[in-house]
Amino acid sequence: MTDTIEGLVLENLRAIRGTQDKHTERFARIESRMGNLELTVAGMRRDLAHMYGEIVEQHTHTDQLVARIERIERRLELQDG
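Residues numbered from 1 in each chain as written. Predicted model: local features only at pLDDT ≥ 70, side-chain atom pairs only at ≥ 80, totals over all residues. Heavy atoms only, no water.

Okay, a nonpolar patch on the surface next. Residues Met1, Ile5, Val9, Leu10, Leu13 and Ile16 make up a contiguous nonpolar surface patch of about 630 Å² in total accessible area. Looking at where Ile5 falls in the secondary structure, it is placed in helix H1 (residues 2–75). According to the relative accessible area criterion, Ile5 is partly exposed, its value standing at 48%. (Patch = residues over 30% accessible without salt bridge, like charges linked within 9 Å, V, L, I, M, F, W, Y side chains within 5 Å. Areas by Shrake-Rupley, 256 points an atom, 1.4 Å probe, with all protein chains shown as cover. Salt bridge = Lys/Arg side-chain N within 4 Å of Asp/Glu carboxyl O. Helix = DSSP H or I, 4+ residues; strand = E, 2+ residues; numbered from the N terminus. Buried < 20%, exposed > 50% of the residue type's maximum accessible area, 1.4 Å probe, protein only.)

As C-alpha cells, this is what we get:
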C-alpha cells in the first residue's frame, strides 16, 4: 500500500515537474520576445525623435525664407494692402 502511494506521489511530482519545465521554457521565450519588442520600441522612438528634429529644421528654414521674402517685398514696395 505504501509503495502504491509513493508511486502515485512520484508520478504526480514528475507530471508537475514536466509542466513546470514547459512553463520555464515558455517564459524564457516570452522574455526573449519582450526584449525584442523593447528594442523595436526604442528604435521607433529614436526614429520619431530624428523625424521631429527634421520637421523643426524645415519649419525654421521655411520661417527664414518667409522673412526674407517679406523683407524683399518691403524693399521693392510689393506688399499687398
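Structure's up, so let's keep going.
A surface patch of positive charge is lined by Arg68, Arg71, Arg74 and Arg75. With respect to the helices and strands, the residue Arg71 is situated in helix H1. (Lys, Arg positive; Asp, Glu negative; His and termini not counted. Charge placed at Lys NZ, Arg CZ, Asp CG, Glu CD.)

Now for unusual backbone geometry. Among all residues save glycine, negative phi is the norm, and among peptide bonds the norm is trans. Here the phi dihedral of Glu77 falls at roughly 55°; this positive angle occurs in a residue that is not glycine. Mapped onto the secondary structure, Glu77 falls in the segment after H1.

If you walk through the whole model with that rule in mind, you get one salt bridge. In this structure, Arg46 engages Asp47 in a salt bridge whose closest nitrogen and oxygen atoms are separated by 3.6 Å.

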